Protein chains: 2
Amino acid sequence: MDSNQFREAAVASIDESERHVVSKVEPGYLRKLLPDAAPEDGEAWADIQKDIEVKIVPGLTHWQSPNFLAWFPCSSSFPGMLGEMWSAAFNGAGFNWICSPAVTELETIVLDWLARAFALPECYLSNGSTHGGGVIHGTASEAIATVMVAARDKYLREATSHLAPGSEELEDAIALKRSKLVALGSTATHSATQKAAMIAGVRFRAVPVRAEDGYKLTGEGLRKAITEIRAKGLEPFYLTVTLGTTDTCSIDDFDSITAVLAELAPPGPGELWVHVDAAYAGVALICPEYQHLSQNLDKFHSFNTNMHKWMLTNFDCSVLWVRCRRWLIEALGVSLAILRNDYTDSGLVTDYRDWQIPFGRRFRSLKIWFVVRTYGIKGLQAHIRKHIGFGEMFAGLVKTRQDLFEIVTGPRFALTVFKLQGKEIEGATLEDQNAVTKTLHDVVNAEGKIFLSSTVVGGVFAIRHCPSTPFVEAEHVKHHFQVLVEAAEKVLSRTNNTKI
Amino acid sequence: MDSNQFREAAVASIDESERHVVSKVEPGYLRKLLPDAAPEDGEAWADIQKDIEVKIVPGLTHWQSPNFLAWFPCSSSFPGMLGEMWSAAFNGAGFNWICSPAVTELETIVLDWLARAFALPECYLSNGSTHGGGVIHGTASEAIATVMVAARDKYLREATSHLAPGSEELEDAIALKRSKLVALGSTATHSATQKAAMIAGVRFRAVPVRAEDGYKLTGEGLRKAITEIRAKGLEPFYLTVTLGTTDTCSIDDFDSITAVLAELAPPGPGELWVHVDAAYAGVALICPEYQHLSQNLDKFHSFNTNMHKWMLTNFDCSVLWVRCRRWLIEALGVSLAILRNDYTDSGLVTDYRDWQIPFGRRFRSLKIWFVVRTYGIKGLQAHIRKHIGFGEMFAGLVKTRQDLFEIVTGPRFALTVFKLQGKEIEGATLEDQNAVTKTLHDVVNAEGKIFLSSTVVGGVFAIRHCPSTPFVEAEHVKHHFQVLVEAAEKVLSRTNNTKI
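Residues numbered from 1 in each chain as written. Chains lettered and ligands numbered in written order. Predicted model: local features only at pLDDT ≥ 70, side-chain atom pairs only at ≥ 80, totals over all residues. Heavy atoms only, no water.

Novice: Tell me what's going on with the environment of glycine 233 of chain B, and back it up with residues and numbers.
Specialist: Residue and element names in this part refer to chain B. By the element assignment, glycine 233 lies in the loop between α8 (219-231) and β4 (235-242). Owing to a relative accessible area of 41%, glycine 233 belongs among the partly exposed residues under this scheme. Considering only alpha carbons, one finds glycine 233 and leucine 181, 52 residues apart in sequence, at a separation of 9.7 Å. (Helix = DSSP H or I, 4+ residues; strand = E, 2+ residues; numbered from the N terminus. Buried < 20%, exposed > 50% of the residue type's maximum accessible area, 1.4 Å probe, protein only.)

The structure is reproduced here in structure tokens:
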């Protein structure tokens, strides 16, 4: 494959996405096209490449298409792709510093660059006063599982510090105390927090969020949860707060949460570890107009955002910062004779394997380095602001057709969440109204001109429009709206005819 | 960057590795070469590319070099790299089937191909009688953490099946029982198992292995451990057995282990989940002469091997099979309204996010597909046999110089573990002998012609020689030996002069 062929394949893929953004294949399509067993003899690359185009591409959903509006984006760019290519060329396992010093050192440096660009408090810098720092994980789920394990072990260590290290008494006390621990999130928190609790072997409670609070977790909700949990003899030790929830991009109420925690679980032993999950919206902190959100992050313990969502860096690339790196290393550090080396023994180097669940690691900092240098801070700010503008534009269009649509939330960080309305369904039950909006969602996705995802907030079935993919322009947003208007008119008129 | 530049960069990297396989930079080298903050304005690619060559390449250790003999290999190939490139081009998050059906379906198909190629029992096929199947994880550590969580929850579910689902009583019973669980490995098991226990929040015990057993875990050792643990009121629920340990590539004694488990923890509720960690050596099962090792794997619960170690597939690519996929999904499956779609609801598709810790996933099956098709089964068998031959050749050379070297273990799966011996250190204490072998190790690595790792087995400090990188040839192996002989003569003669 030379660069021309590469370019052609990329162009073909983009053209295809214009035609049908979501794959139309049926489950099991590929099994019918491929042999049951690997070939005995090697095949020519030309035959393999033909199969990519004929058998794989039809089974792809086109995440880079300007008509991909589902979930959150997974955005790429040429420097992002070059980062993956060089990482592939420099293939290695990277589980300690000497495995390739550049892999470790570039990671520390670009995570410091990003911490500064996002105006994170100095406690998250690698040379900050609390000995914190950043690390690249694959996904926010891994980041959250990792900090929850660290939070659990920090809490247990502090609660058992009076017992002799290495003793059976200590091990028993830890195991018993662990059985009482409760991790917290809200009902709008991404499922990653619940899954992290399942992995870490602790209980999980979701604090309800309410429409009247804008689906934010508040201090009062948290107070009630902590009080109830403690009344049962259980111990809350961890909380995920979200900056940009999955459903609606709401931001939990950091101030009231901080105030309640200061009262119920003040800093020190017994405190709750608070992790800020900013998987999608966190990269917006690169714009000064959002940096008021960074200011109080030093009250919390860790923060993650995904460069692979909105920041043009190939999947996977979730960046995580902790206020004190020792918390990770104490929970996740192990060693073997075979891994010993003078550099690690010297304590002068970072072995990032102790900051994460996996053992080895790819050279993922390259793609961040390439993206940040190619766009510059100003270019990345312009990228974010462009999409924020498209969100406002789309919400503005929606408001021009109140005979068809009602905004449920937003626009927030480019995301607008809306439902159908109109005289055809006036007075219908919530369930019936939900069914009509679901029909719109299904009809539009089946048509395949645009691809949307849905959610349920406060009992309302709603459609999410999130136009923050790399190639989207104002004309596309107008087109999305036109597609939705035509489908909505059709769906509502059919509803009218058949009665609900 | 066009293909010529790419080729040049790759060649330059290989040339560099001939000169110095392990990076010579000092800790902190890169911080001095890069600015403290990201640039405000974008930079030209030419400037970035120059920095790769000037600032990054000197900080790389060359894992593809034929003189890289440390740890286990992390091997690449052109089809492996092409797989990464296409995966980067098809960038997406892949957390469920409709995210890109091809990502899920190709994974199922190539994992079935590999299961057949490795002669795994039919219970590991996606359409096998026990509803098992394979999945791609990043590293063996993730695979082991994942199956340990699944094993923990399977054990707890079975032990509490008499309690009402969703009740507080059930939650309390599970939490209390969890505090008694013990995961087992041996003292030769990779640290990944201990780390998995730390993540899963369970206790860990390493069963000692002995030189007279060839550093294998045996049924008798396991019997003693289980009996002692139970005597303390604790409950063993999980065991890692290893096919090719990290230190010496030993294979645990599957037959005696199976017999002891049949007696102490027979199949059914209360059984121990046995995971087979074959991270390095498992790919050798592609050769019929090793497939007797596959025969009884249906007695165990899961199996993993790393395609990125010895099988030419870019890092990361650890393949994991389970005998029953429901075990994973019950432990790791969660859902959100935003993720709902008709395909998932239909139950006809696989959502691999429920088989793993991360949420999203890359299109990693492409690189397996490309590698297996390009080489064919026969080509991959030849690849493995070539390295097995080099291991035998090296061990043969070592035996010609018994005045300098003694083999500690091997050759096994190309790995030879050896130490210094000779009249100069005859009668010296073990500690002093170890110090001399460590000096040899350090001298050779500092010289930089070849790069080795060391270990300690049965109290003996030993050097590992593992020549299974992609470009190694017989001439290289002779060269490795020559480098070692020259250094050993120097080290021993110095030892002689200064007395130990």
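Novice: Describe the interface of chain B and chain A, with residues and values.
Specialist: Counting residues at the interface gives 140 residues for chain B and 140 residues for chain A. Counting each side, the surface lost to burial between chain B and chain A is near 12,000 Å², with a carbon and sulfur contribution of 64%. For aspartate 172 of chain B, the salt bridge identified is with arginine 203 of chain A, shortest N-O distance 2.7 Å. On inspection of chain B and its partner chain A, the count reaches 65 residue pairs in polar contact (both at pLDDT 80 or more). A per-class count over the side of chain B that touches chain A returns 69 nonpolar, 35 polar and 36 charged. (Contact = heavy atoms within 4.5 Å. Buried area = accessible area lost by both parts, 1.4 Å probe. Salt bridge = Lys/Arg side-chain N within 4 Å of Asp/Glu carboxyl O. Polar contact = N/O pair within 3.5 Å; in protein donor to acceptor, adjacent residues only side chain to side chain. Nonpolar A, V, L, I, M, F, W, Y, C, P; charged D, E, K, R; others polar.)

Novice: Describe in detail the relation of the copies chain B and chain A, supporting the description with residues and values.
Specialist: Taken as rigid bodies, chain B and chain A are interconverted by a rotation of 180° and an axial shift of 0.0 Å, the fit giving an RMSD of 0.0 Å. Given the turn and translation reported, the copies of this chain are related as if by a two-fold rotation axis. Measuring from the rotation axis to each C-alpha of chain B, the shortest distance belongs to alanine 200 of chain B, at 2.4 Å. (Least-squares fit on C-alpha atoms with pLDDT ≥ 70 in both.)

Novice: Residue-level account of the UniProt feature "modified residue: N6-(pyridoxal phosphate)lysine" (unreviewed entry) in chain A, with values.
Specialist: All names here are of chain A. Summarizing the sequence annotation, UniProt attributes the feature "modified residue: N6-(pyridoxal phosphate)lysine" (unreviewed entry) to Lys309 in the numbering used throughout. Counting through the fold element by element, lysine 309 comes out in helix α10 (residues 307-310). Take lysine 309: its relative accessible area is 18%, and that puts it in the buried class. Apart from the residues within four sequence positions on either side, lysine 309 is in contact with Phe72, Pro73, Cys74, Ser75, Ala279 and Tyr280. (UniProt positions renumbered as here; feature names shortened; annotations may be inferred.)

Novice: Can you lay out the pairing of strand β9 (residues 415-420) of chain A for me, pointing to particular residues and giving the numbers?
Specialist: All names here are of chain A. Burial within β9 is extensive, with six of its six residues counted as buried. Of the two faces of β9, both are covered, the one formed by Leu415, Val417 and Lys419 as well as the one formed by Thr416, Phe418 and Leu420. Here strand β8 (residues 405-412) runs beside β9; their pairing, made up of five bridges, is antiparallel. Within β9, the residue paired with glutamate 406 across the bridge is lysine 419. The turn linking β8 back onto β9 is made up of two residues, and phenylalanine 413 within it adopts a positive phi angle of 45°. (Pairing = 2+ DSSP bridges.)

Novice: Quick one: what's the story with the sheet that holds strand β11 (residues 460-465) of chain A, residue by residue and with numbers?
Specialist: Sheet strands associate in pairs through backbone hydrogen bonding, adopting either a parallel or an antiparallel arrangement. Residue and element names in this part refer to chain A. Pairing is antiparallel in the open sheet, where four strands are placed in the order β8-β9-β11-β10. Lying at the two open borders of the sheet, with one neighbouring strand each, are β8 and β10 (453-457). Pairwise comparison of adjacent strand axes, ignoring direction, gives a mean angle of 30° for this sheet. With five bridges joining them, β10 and β11 adopt antiparallel strand pairing. The residue bridging serine 454 from the neighbouring strand is isoleucine 463, located in β11. Contacts between helix α13 (residues 365-399) and the sheet are confined to β8, β9 and β11, with β8 contributing the most and set at about 165° to the helix. In the packing of helix α14 (residues 430-447) onto the sheet, the strands contacted are β8, β9, β10 and β11, and the crossing angle to β11 comes to about 25°. (Axes fitted to C-alpha atoms, helices over the stretch in contact; angles between N-to-C directions.)

Novice: Residue-level account of the nonpolar core, with values.
Specialist: Ranked by internal contacts, the top residues of the largest apolar core, which has 221 residues, are Phe413 of chain A together with Phe413 of chain B. Val135 and Tyr155 of chain A together with Ala143 and Met148 of chain B belong to the second largest nonpolar core, which has 64 residues in total. (Core = buried A, V, L, I, M, F, W, Y, C linked by side-chain atoms within 4.5 Å.)

Novice: Any details on helix α4 (residues 101-117) of chain A? Residues and values, ideally.
Specialist: Residues separated by three or four positions in an α-helix point in the same direction, a consequence of the helix having 3.6 residues per turn. Between its terminal C-alpha atoms α4 of chain A stretches 24 Å, which fits the 24 Å expected from 17 residues at 1.5 Å a residue. With respect to burial, α4 of chain A is a largely interior element, 16 of its 17 residues being buried. (Expected span 1.5 Å × (residues − 1).)

Novice: Which residues make up the state of the cysteines, and what values do they have?
Specialist: In this structure the tally under the stated criterion is zero disulfides over all chains. With no disulfide of its own, cysteine 287 of chain A has cysteine 249 of chain A as its nearest cysteine by sulfur position, at a separation of 14 Å. Given a relative accessible area of 0%, cysteine 287 of chain A falls into the buried group. The cysteine cysteine 466 of chain B is free of any disulfide, with cysteine 249 of chain B supplying the nearest cysteine sulfur at 6.4 Å. On the accessibility criterion, cysteine 466 of chain B (1% relative accessible area) is buried. (Disulfide = S-S within 2.5 Å.)

Novice: Give me the lowdown on the pairing of strand β5 (residues 273-277) of chain A, citing residues and values where you can.
Specialist: Residues and elements named next belong to chain A. With five of its five residues buried, β5 lies for the most part within the structure. The two faces of β5 match: Trp273, His275 and Asp277 on one face and Val274 and Val276 on the other face are all buried. Sheet topology places strand β4 (residues 235-242) next to β5; five bridges connect them, and they run parallel. In the sheet register, valine 241 faces β5, and the bridge partner there is valine 276.

Novice: Report on the packing of aromatic side chains, specifying residues and quantitative values.
Specialist: Taken as a whole and assessed by the stated rule, the structure comprises 52 aromatic pairs over all chains. Judged by centre distance (6.1 Å) and plane angle (45°), the ring pair of phenylalanine 237 of chain B and tyrosine 238 of chain B falls under tilted. Comparing phenylalanine 237 of chain B with tyrosine 238 of chain B, the two get one shared label, buried. Chaining the aromatic ring pairs together yields one cluster made of Trp63, Phe68, Trp71 and Phe451 of chain A together with Phe95 and Phe359 of chain B. Over the ring of tryptophan 369 of chain A we find arginine 373 of chain A; its NZ or CZ atom is 4.9 Å from the centre of that ring. (Phe/Tyr/Trp six-rings, centres within 6.5 Å; stacked < 30°, edge-to-face > 60°. Lys NZ or Arg CZ within 6 Å of the ring centre and 35° of its normal.)

Novice: Before we move on, can you summarise unusual backbone geometry with the specific residues and values?
Specialist: A negative phi angle characterises most non-glycine residues, just as the trans form characterises most peptide bonds. Of note, the amide linkage connecting phenylalanine 315 of chain A to aspartate 316 of chain A takes the cis form, showing an omega dihedral of 0°. Its place among the elements puts aspartate 316 of chain A in the loop between α10 and β7 (318-322). We note that alanine 119 of chain A has phi near 55°; this positive angle belongs to a residue other than glycine. Locating alanine 119 of chain A in the fold gives a position in the loop between α4 and β1 (133-137). Accessibility expressed as a relative area gives 30% for alanine 119 of chain A, which makes it partly exposed. With a phi close to 65°, leucine 312 of chain B is a non-glycine residue in the positive phi region.

Novice: Could you give me a rundown of the side chain of aspartate 316 of chain B, with the residues and numbers involved?
Specialist: A relative accessible area of 8% places aspartate 316 of chain B in the buried class. At 3.4 Å, the side chain of aspartate 316 of chain B forms a polar contact with the side chain of arginine 364 of chain B. Residues contacting aspartate 316 of chain B, with those up to four places away along its chain left out, are Arg362 of chain A together with Glu84, Gly138, His308, Arg362, Arg364 and Lys367 of chain B.

Novice: Mind laying out the packing of helix α8 (residues 219-231) of chain A against helix α9 (residues 254-264) of chain A, listing which residues take part and the relevant values?
Specialist: Residues and elements named next belong to chain A. With their axes 8 Å apart at the nearest point, α8 and α9 run at an angle of 30° to one another. Classified by the angle between their axes, α8 and α9 sit roughly parallel to one another. In the packing of α8 onto α9, the handedness of the crossing is right-handed. Between α8, through Gly219, Glu220, Leu222, Arg223, Ile226, Thr227 and Arg230, and α9, the contact on the second element is made entirely by Ser256, Ile257, Val260, Leu261, Glu263 and Leu264. Each residue belonging to the contact of α8 with α9 can be placed in one class, and the counts come to six nonpolar, three polar and four charged. (Parallel < 35°, antiparallel > 145°, perpendicular 65-115°, else oblique. Left-handed = near helix turned anticlockwise from the far one by under 90°.)

Novice: Residue-level account of the packing of helix α5 (residues 140-159) of chain A against helix α7 (residues 191-200) of chain B, with values.
Specialist: Two numbers describe how α5 of chain A lies on α7 of chain B: the axes approach to 9 Å, and their chain directions differ by 75°. One way to sum up the angle between α5 of chain A and α7 of chain B is to call them roughly perpendicular. Listed contacts from α7 of chain B to Val149, Arg152 and Asp153 of chain A of α5 of chain A are Met198, Ile199 and Ala200 of chain B. In terms of residue class, the contact of α5 of chain A with α7 of chain B is built from four nonpolar, no polar and two charged.

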